[in-house]
Amino acid sequence: PGIGHHANGATRWLSIGPLTVQPAEFLKIATILMLSLYLAKMRTKLHDMRFGLLGFGVIVGIPALLLLAQPNTSTTLVIGFTATALYFVAGAPLRDFAILTAIAVIGAGALVATRPYLMHRVQTFIHPEANALSSGYQIQQSLIAVGSGGLMGRGFGQSVQKFNYLPEPVGDSVFAVYGEEFGFVGTVLLVLLFTGFAARGFTIAAGSSSSFGSLAATGLTLLITISAFMNIGAMLGIMPLTGLPLPFVSHGGTALLCALASVGIILNIAAHRTKRK
């Protein structure tokens, strides 16, 4: 209160002098590092719900409640998906997977029922053509942009949709602009780059000399790749719009800073791996 910056129906930013910072980006890294440390220490006790599911719920639940209060549902989803995957990589029992799935379904249903903007996004996802000039406008313009790119694209800087047609062309919708300018070939290359990034991150995690390093590298790799594919999926209409930026590509100082910080941590883990003879 007092320093929060309100825009687009949410209070997600802090105004510090001339700078505007989005603390949720730092929260993502902090949550994954804290969860990785906890799981590394409790790896042999995860079958006990007191040390497994309860500890997981506290570490992930508190940040989730803070994010939902902003509201920032998309970042909550990214942290939730990443943390759950990390939990089961650490060796959690399938019993907990069933419990978390039930909690997620109930929670998602409650959010959609109580928050009209989420209901509109779900309805737009199911029937994107129903409100082409209102709630469905962004996805319609995104699909036009991607389709206009054809096989090879219009060429770098030659997008038409980014001029007064496509909302947030340098932010959430940057993939659509990229698809229009570089076409099918360019978008496939971008997807392969993110896939290669994920493969390299998981390789570093597998070679880590400590459980914490392995889990941290896995979590931070998932954090970036899940965000990337959720953004791409939303722009292609295969999942509801999320408002997530495309890592390393979308305009946004805090998001880029935290993505680079995540890569720095992964590279640090790689640098301290025990060399195999």
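Residues numbered from 1 in each chain as written. Predicted model: local features only at pLDDT ≥ 70, side-chain atom pairs only at ≥ 80, totals over all residues. Heavy atoms only, no water.

S.K.: How do you make sense of the environment of E180 when you look at a structure like this?
M.R.: Mapped onto the secondary structure, E180 falls in helix α7 (residues 174-206). Considering only alpha carbons, one finds E180 and R154, 26 residues apart in sequence, at a separation of 6.3 Å. A distance of 2.8 Å separates the side chain of E180 from the side chain of R154, its partner in a polar contact. (Helix = DSSP H or I, 4+ residues; strand = E, 2+ residues; numbered from the N terminus. Polar contact = N/O pair within 3.5 Å; in protein donor to acceptor, adjacent residues only side chain to side chain.)

S.K.: Please clarify how empty space enclosed by the protein should be interpreted in this entry.
M.R.: Under the counting rule described, the total for this entry stands at one cavity of 30 Å³ or more. The space that makes up the largest cavity amounts to roughly 200 Å³. Taken together, 19 residues line the largest cavity, and the ones lying closest to its centre are E25, K28, P247, A255 and A259. Here the lining of the largest cavity gets five residues from one element, more than from any other, and that element is helix α9 (residues 253-271). Classifying every residue of the lining of the largest cavity by side-chain character gives 13 nonpolar, four polar and two charged. (1 Å grid on protein atoms, 1.4 Å probe; cavity = no way out; pocket = protein on both sides within 12 Å on 5 of 7 lines; lining within 4 Å. Points joined across faces, edges and corners; volume = space filled by probe spheres on them. Nonpolar A, V, L, I, M, F, W, Y, C, P; charged D, E, K, R; others polar.)

S.K.: Would you take a moment to explain the environment of T84 for this structure?
M.R.: Examined against the element boundaries, T84 turns out to sit in helix α3 (residues 73-89). Separated by 28 residues in the primary sequence, T84 and F56 have C-alpha atoms spaced 8.7 Å apart.

S.K.: Just checking my understanding: could you explain the packing of α7 against helix α8 (residues 211-235) for this structure?
M.R.: A pair of packed helices is captured by two measures, namely the crossing angle of their axes and the spacing between those axes. It is at 9 Å that the axes of α7 and α8 come closest, and there the two elements cross at 165°. Compared by their axis directions, α7 and α8 come out roughly antiparallel. Helix-helix and strand crossings are classified by hand; for α7 and α8 the assignment is left-handed. Of α8, the residues touching α7 (which contributes F175, A176, V191, F194, T195, F197, A198, G201, F202 and A205) are S214, A217, T218, T221, L222, I224, T225, A228, F229, N231, I232 and M235. For the contact of α7 with α8, the per-class residue count stands at 15 nonpolar, seven polar and no charged. (Axes fitted to C-alpha atoms, helices over the stretch in contact; angles between N-to-C directions. Parallel < 35°, antiparallel > 145°, perpendicular 65-115°, else oblique. Left-handed = near helix turned anticlockwise from the far one by under 90°. Contact = heavy atoms within 4.5 Å.)

S.K.: Help me out: how do you make sense of the packing of aromatic side chains in this one?
M.R.: In the structure shown here, the tally under the stated rule is seven aromatic pairs. Ring geometry for F197 versus F248: centroids 6.1 Å apart, planes at 70°, classification edge-to-face. With F197 in helix α7 and F248 in the loop between α8 and α9, the pair connects residues that are 51 residues apart, well separated along the chain. Given a relative accessible area of 36%, F248 falls into the partly exposed group. Members of the aromatic cluster, joined through ring pairs, are F56, Y87, F88 and F97. (Phe/Tyr/Trp six-rings, centres within 6.5 Å; stacked < 30°, edge-to-face > 60°. Buried < 20%, exposed > 50% of the residue type's maximum accessible area, 1.4 Å probe, protein only.)

S.K.: Before we go on, may I ask you to explain helix α2 (residues 53-68) in this structure?
M.R.: Structural remark: α-helix, 3.6 residues per turn; residues separated by three or four positions point the same way. Across its 16 residues, α2 extends 21 Å between first and last C-alpha, which sits within 8% of the 22 Å expected from 1.5 Å per residue. Along α2, the sharpest kink reaches roughly 30°, centred on G61 and followed within four residues by the proline P63. The complete set of buried residues in α2 reads L53, G55, F56, I59, V60, P63, A64, L67 and L68. Contacts from the buried residues of α2 go to α1 (23-41), α3 and α4 (94-114). (Expected span 1.5 Å × (residues − 1). Bend = angle between axes of the 7 residues up to and from the residue.)

S.K.: Teacher, can you tell me more about unusual backbone geometry here?
M.R.: The phi torsion of most residues other than glycine is negative, and most of the peptide bonds are trans. With an omega dihedral of -5°, the bond running from Q70 to P71 counts as a cis peptide bond. Within the secondary structure layout, P71 lies in the loop between α2 and α3. Even without being a glycine, N164 presents a positive backbone phi close to 65°. Assignment of secondary structure puts N164 in the loop between α6 (137-148) and α7.

S.K.: Explain the nonpolar core to me, please; I cannot follow it from the model alone.
M.R.: A general tendency of soluble globular proteins is for nonpolar side chains to be buried together. Membership of the largest hydrophobic core comes to 36 residues, with the highest contact counts inside it found for L35, L39, F56 and Y87. Those elements that place two or more of their residues in this core are α1, α2, α3, α7, α8 and α9. The element that contributes the greatest number of residues to this core is α8, accounting for eight residues. With near-sequence residues (within four places) excluded, Y87 lies in contact with L39, L46, G52, L53, F56, A92, D96 and L100. Counting 15 residues, the second largest nonpolar core, distinct from the first, contains F194, A234, M235 and L246. (Core = buried A, V, L, I, M, F, W, Y, C linked by side-chain atoms within 4.5 Å.)

S.K.: What is the right way to read α7 from this model?
M.R.: If you check α7, its first and last C-alpha atoms are just 33 Å apart, much less than what 33 residues at 1.5 Å a residue would give, namely 48 Å. The sharpest bend along α7 reaches about 125° and sits at G183.

S.K.: Even after reading the chapter, I still don't get the packing of α2 against α4, so can you show me in this structure?
M.R.: With their axes 13 Å apart at the nearest point, α2 and α4 run at an angle of 15° to one another. Between α2 and α4, the angle falls in the class roughly parallel. The hand of the α2/α4 crossing is right-handed. Residues L53, F56 and L68 of α2 touch α4, and the partners they reach there are D96, I99, L100 and L111. In terms of residue class, the contact of α2 with α4 is built from six nonpolar, no polar and one charged.

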